[in-house]
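Each chain, written out:
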6 protein chains.
Amino acid sequence: MAMVDISDKPEVFREATATGTIKLKTETIRLINEGKIAKGDPLQTAKIAGILAAKRTSTLIPLCHPLPLTNVEIKIRILDKTTVHVASTVKTKAQTGVEMEALVATAVSLLTIWDMVKQYEKDVKGEYPSTAIEGIRVVKKIKEGIPSERKRKKA
Amino acid sequence: MAMVDISDKPEVFREATATGTIKLKTETIRLINEGKIAKGDPLQTAKIAGILAAKRTSTLIPLCHPLPLTNVEIKIRILDKTTVHVASTVKTKAQTGVEMEALVATAVSLLTIWDMVKQYEKDVKGEYPSTAIEGIRVVKKIKEGIPSERKRKKA
Amino acid sequence: MAMVDISDKPEVFREATATGTIKLKTETIRLINEGKIAKGDPLQTAKIAGILAAKRTSTLIPLCHPLPLTNVEIKIRILDKTTVHVASTVKTKAQTGVEMEALVATAVSLLTIWDMVKQYEKDVKGEYPSTAIEGIRVVKKIKEGIPSERKRKKA
Amino acid sequence: MAMVDISDKPEVFREATATGTIKLKTETIRLINEGKIAKGDPLQTAKIAGILAAKRTSTLIPLCHPLPLTNVEIKIRILDKTTVHVASTVKTKAQTGVEMEALVATAVSLLTIWDMVKQYEKDVKGEYPSTAIEGIRVVKKIKEGIPSERKRKKA
Amino acid sequence: MAMVDISDKPEVFREATATGTIKLKTETIRLINEGKIAKGDPLQTAKIAGILAAKRTSTLIPLCHPLPLTNVEIKIRILDKTTVHVASTVKTKAQTGVEMEALVATAVSLLTIWDMVKQYEKDVKGEYPSTAIEGIRVVKKIKEGIPSERKRKKA
Amino acid sequence: MAMVDISDKPEVFREATATGTIKLKTETIRLINEGKIAKGDPLQTAKIAGILAAKRTSTLIPLCHPLPLTNVEIKIRILDKTTVHVASTVKTKAQTGVEMEALVATAVSLLTIWDMVKQYEKDVKGEYPSTAIEGIRVVKKIKEGIPSERKRKKA
């Protein structure tokens, strides 16, 4: 049992994007769109929770390395009448990638949306017959050999 | 923006179970079954990470109340050739339910499995074409009016 | 060096409210009012940060007891052309009061506002000639002898 | 909602100092000076709490970047008969400044002093008529283009 | 893999004391006694670190339950020319004991002393030929059937 | 009270190994060897807890710097009929050493073993007459002037 030893790997620019969705009731999505969720804005709250969680990845996932994240950005949109879509992008200049950070940000954002709209999703028995988090995936990864190359591409 | 005020709610026994799955390659599942994952046992590591995360729920999900969890149990099994299934059960005696704790435990367990088998799931570009976390749901909730009633049921 | 021993104190309902202000430029307040702060809504972000911080009080303030908070609510309003006012109310049923939790919530909310509007407050040297956090105080404390008495008062 | 993207900024030496005060009763200041605070030395405890908090800044303030702090120093002095003054200096070599870290250190130090002397500041109703944290400000910021320049200045 | 299920256990008063020692050089002990440790008072710092760590036990030790600690007290004394002795006492009213909290407090206090005096313990190669933490034990445990019985014993 | 200022120190490869032991009953060691500990595998759990704790060192030990750990590895073996031995190795490229991280990993691993086998170590009074953590020491430290030198040695 050991972390992967990254001592001899070079620090390069890394980026990863992870996405996922949460299935909610049509009525809940409508309340979100109308700004009527009683506990506060679920999307805004989810973004903040996701960003904070990304920075705690190495204390949540046992073998993750602590990394100096240079950016975390979370985009959330209503995909359709029953689906909210979260996309988290994390960047660093480090010796290993940030896909776990992007995945943690996405998962915690989705969980926070659930928590914010709990009261509208529960049935009379306090259960959640239709609520579900689906399709948490890594959709993009960038790893550049040398930082200068990256700037060139941008130009 | 405020937590739900649970000051006047009675403390009662509460239990919640959340489940979810992670899709992996057939080859990865085979390596797990054979105990050959280089970073260590992914299922054992996932259970521990999930239990620890359940206890940090109120610091991850902004409006969750801190609760005195009396039990967290995580069961993980290989469902089929490409699927690992996680089920987390959380108990407390408190003024509000523990479904968010069960969901956080399940999500962090699944993310930990991903991290433990990353090297087998990546393609040549370092991406994850087939890995995905699916179907995170609350499958059971118990809330009992009075603790004595609970013991009676058990008898 | 020891925490105060509260082992023999009864658990009673407790509530505390702490307030404080942050002095900002007129221009910054205008941007907040118009929803034009580039990093996102500073007041919403401050509320979430404050609520999360309240729940971590006993890990920040060395001799604070861990308490089962039953509510944290943060209200933020623009007081005048250069002042934002934060009021945090925390509740619990516990053996000691929650004034430190309310103070931590208020302080972290105010610090978060500062962070969100940093770029508008800095002068050309990157300094903050006029930004200041002022008047962090406890403005209200409730401690009731017995919970039933509380409900009676409400009726 | 996103952190500022600092991926392309150079790592340079950075330093920030934040100060603030807490207003206490004359009697409380006398007890501090005489080393008679029952819970232990409030100034020493405040320094340690402030240093620890500085290191947790990026988990408290949502959009702060995690930074490799190279130094945190906290100086506390009795300013006059009713005022304690805290000054926190934080250093790093990083892509963004450390003013939020210095502010968090100062705020948590001041809050810790409050907690350590609570019993002397309370009135008969358990309230704090005169206690207040005032004037939390950034009083100094250094950002050097290249580390060598820094050493030259020192020489 | 699961925490022990304490859902049906009664909440009773619990107390545990754990002790341990750290072996230091005679010269280091002399510097501690004379108040000349450059980084600050190691015993005071160790007490604060130990108290804070006790409160984080359930996030450090995977299967520990989160408990509402009602007191943590740490006593440190110079035992002889090469030994510092730490004794941590933790109290709660809960469904399980606090020996792990007392052990964590003692271990982190001892580790903090090490950190505070590192520079005096290192040899020319930067190693620690004589420094060692020894004898971390639980020396006392109290568990009372009913709280009233406890008060009677005290009288 | 201040952390040591490492702002002007170069970032070099650093490694430290700390070891320690826990004394258990012969019967407990037998149960570990036979995989019969009811709470789960204590050695596996201890490794994970130790790795996670190493990454939280700077939030546990007040004056430790936050360091970008590049590897943490924990080896645990049954030394004899009553002793389990833990060895934690931590690596970084940083401006200061990682001996505290290795010590924290070792201490938390040992404490986790204790927690996992508690029920077998307790006597009828719930006490631990023979359980003890002993000999936590730093047994190895590496600090290399330049990374290239390190690779040369390896070759």
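Residues numbered from 1 in each chain as written. Chains lettered and ligands numbered in written order. Predicted model: local features only at pLDDT ≥ 70, side-chain atom pairs only at ≥ 80, totals over all residues.

Looking only at helices and strands, chain A features five helices and four strands. Traced from its N-terminal end to its C-terminal end, chain A shows the element sequence β-α-α-α-β-β-α-β-α. Summarising its shape, the C-alpha atoms of chain A cover approximately 55 × 45 × 25 Å along the three principal directions. Per-residue burial for chain A yields a buried fraction of 55% across its 155 residues. Across chain A, contacts joining residues at least 24 apart in sequence account for 77% of those joining residues at least 6 apart. (Helix = DSSP H or I, 4+ residues; strand = E, 2+ residues; numbered from the N terminus. Buried ≥ 20, exposed ≤ 12 C-beta atoms within 10 Å, placed from the backbone. Contact = placed C-beta atoms within 7 Å.)

Before going further, it helps to spend a moment on the packing of helix α1 (residues 26-33) of chain A against helix α4 (residues 99-121) of chain A. All names here are of chain A. Contact pair α1 / α4: the axes reach a minimum separation of 10 Å and the direction vectors enclose 125°. Looking at the two axes, α1 sits oblique to α4. Once α1 is placed against α4, the crossing between them reads as right-handed. Residues E27, T28 and L31 of α1 pack against V117, Y120 and E121 of α4. Taken together, the residues that form the contact of α1 with α4 break down as three nonpolar, one polar and two charged. (Axes fitted to C-alpha atoms, helices over the stretch in contact; angles between N-to-C directions. Parallel < 35°, antiparallel > 145°, perpendicular 65-115°, else oblique. Left-handed = near helix turned anticlockwise from the far one by under 90°. Nonpolar A, V, L, I, M, F, W, Y, C, P; charged D, E, K, R; others polar.)

Now for the sheet that holds strand β1 (residues 12-23) of chain B. With antiparallel pairing, eight strands are arranged side by side in an open sheet as β2(A)-β3(A)-β1(A)-β4(A)-β4(B)-β1(B)-β3(B)-β2(B). Strands with a single pairing partner mark the edges of an open sheet, and in this sheet they are β2 (69-80) of chain A together with β2 (69-80) of chain B. If you compare each strand with its neighbour and ignore which way they point, the axes differ by 15° on average. Where β2 of chain B and strand β3 (residues 83-94) of chain B come together, ten bridges link them in antiparallel fashion. Paired with E73 of chain B across the bridge in β3 of chain B is T89 of chain B. On the sheet, helix α2 (residues 42-54) of chain B packs against β2 and β3 of chain B and is oriented at approximately 150° with respect to β2 of chain B. (Pairing = 2+ DSSP bridges.)

A few words now on helix α1 (residues 26-33) of chain E. Residues and elements named next belong to chain E. Along α1, the residues classified as buried are T28, I29 and I32. All buried residues of α1 lie within an arc of 100° about the axis, which places them on one face of the element. Structural note: α1 exposes T26 and N33 on the side pointing more than 90 degrees away from its buried face. The inward-facing, buried residues of α1 contact α2 (42-54), β2 (69-80) and α5 (118-121). Of the residues trailing α1, G35 is marked for its positive phi of about 70°. (Arc of directions from axis to C-beta.)

A word on the interface of chain D and chain F. Each side of the interface is counted separately: chain D has 17 residues, and chain F has 14 residues. Every element with two or more residues in the side of chain D that touches chain F is listed here: α2 (42-54), β2 (69-80) and β3 (83-94) of chain D. Here the residues of the side of chain D that touches chain F are counted per class, giving eight nonpolar, three polar and six charged.

To continue, consider the sheet that holds strand β1 (residues 12-23) of chain E. With antiparallel pairing, eight strands are arranged side by side in an open sheet as β2(E)-β3(E)-β1(E)-β4(E)-β4(F)-β1(F)-β3(F)-β2(F). Each of the sheet's edge strands pairs with one partner strand only, and the pair in question is β2 of chain E together with β2 (69-80) of chain F. In this sheet, neighbouring strand axes are inclined to one another by 15° on average, regardless of whether the strands run parallel or antiparallel. Bridging between strand β1 (residues 12-23) of chain F and strand β4 (residues 132-143) of chain F involves nine bridges; their strand directions are antiparallel. Its bridge partner being in β4 of chain F, R14 of chain F is matched across the sheet by K143 of chain F. In the packing of α2 of chain E onto the sheet, contacts are made with β2 and β3 (83-94) of chain E, and the angle to β2 of chain E comes to roughly 150°. Contacts from helix α4 (residues 99-116) of chain E reach β1, β2, β3 and β4 (132-143) of chain E, with the element oriented near 25° to β1 of chain E.

A separate point is the arrangement of the chains. You won't find any contact between chain B and chain D; their C-alpha atoms come no closer than 10 Å. Considering only C-alpha positions, the minimal separation of the non-contacting chain A and chain E is 10 Å.

Attention shifts here to the relation of the copies chain D and chain F. With an RMSD of 0.0 Å, chain D superimposes on chain F once it is rotated by 120° and translated 0.0 Å along the axis. Both copies are brought into coincidence by an operation consistent with a three-fold rotation axis. Closest approach to the rotation axis among the C-alpha atoms of chain D is made by P68 of chain D, whose C-alpha sits 4.5 Å away. (Least-squares fit on C-alpha atoms with pLDDT ≥ 70 in both.)

Mapping chain A onto chain B leaves a residual RMSD of 0.0 Å; the transformation is a rotation of 180° accompanied by 0.0 Å of translation along its axis. Such values leave the two copies arranged in the relation of a two-fold axis. Of the C-alpha atoms belonging to chain A, the one lying closest to the rotation axis is found on E134 of chain A, 2.3 Å away.

On to the interface of chain A and chain B, then. Contacts between the two partners involve 36 residues from chain A and, on the opposite side, 36 residues from chain B. Contributions of two or more residues to the side of chain A that touches chain B are made by α2 (42-54), α4 and β4 (132-143) of chain A. Per-class residue counts for the side of chain A that touches chain B are 22 nonpolar, seven polar and seven charged.

Among the nonpolar cores identified, the biggest contains 282 residues, and V104 of chain A, V104 of chain B, V104 of chain C, V104 of chain D, V104 of chain E together with V104 of chain F are the most heavily contacted of them. If sequence neighbours within four positions are ignored, V104 of chain D has contacts with L111 of chain C together with A53, A54, T57, L60 and I61 of chain D. (Core = buried A, V, L, I, M, F, W, Y, C linked by C-beta atoms within 7 Å.)

Further remarks concern the pairing of strand β4 (residues 132-143) of chain C. Residues in a regular strand project their side chains so that they alternate between the two faces of the sheet. Two elements, β4 of chain C and strand β4 (residues 132-143) of chain D, share two bridges in a ladder whose sense is antiparallel. For I136 of chain C, the partnering residue across the bridge sits in β4 of chain D and is I133 of chain D.

The next thing to look at is the confidence of the model for chain A. Per-residue confidence for chain A gives a mean pLDDT of 93; residues scoring 70 or more make up 93%. Every residue in residues 146-155 of chain A is under pLDDT 50, and counting partners more than four places away or in other chains gives seven contacts. (pLDDT = per-residue confidence, 0-100.)

Bringing the environment of T89 of chain F into the picture now. All names here are of chain F. Here T89 lies in strand β3 (residues 83-94). Judged by the 25 C-beta atoms lying within 10 Å of it, T89 falls in the buried class. On a C-alpha basis, the gap between T89 and V138 in space is 9.9 Å, while along the polypeptide they are 49 residues apart. Every residue in contact with T89, bar those within four places of it in the chain, is listed here: E15, T17, E73 and A102.

Here we take up the environment of A87 of chain A. Residue and element names in this part refer to chain A. Examined against the element boundaries, A87 turns out to sit in strand β3 (residues 83-94). Since 19 C-beta atoms lie within 10 Å of it, A87 is described here as partly exposed. Here the alpha-carbon distance between A87 and K75, two residues twelve residues apart in the chain, equals 5.2 Å. A87 has contacts with T17, T19 and K75, leaving out every residue within four places of it along the chain.

Here we come to the packing of α2 of chain D against helix α4 (residues 99-121) of chain D. All names here are of chain D. Where α2 contacts α4, the two axes come as close as 7 Å, and the packing angle between them is 145°. In terms of crossing hand, the pair formed by α2 and α4 is right-handed. Contact with α2, carried on its side by P42, T45, A46, K47, A49, G50, I51, A53 and A54, involves E101, V104, A105, T106, V108, S109, T112, I113, M116 and V117 of α4 and no other residues of that element. Each residue belonging to the contact of α2 with α4 can be placed in one class, and the counts come to twelve nonpolar, five polar and two charged.

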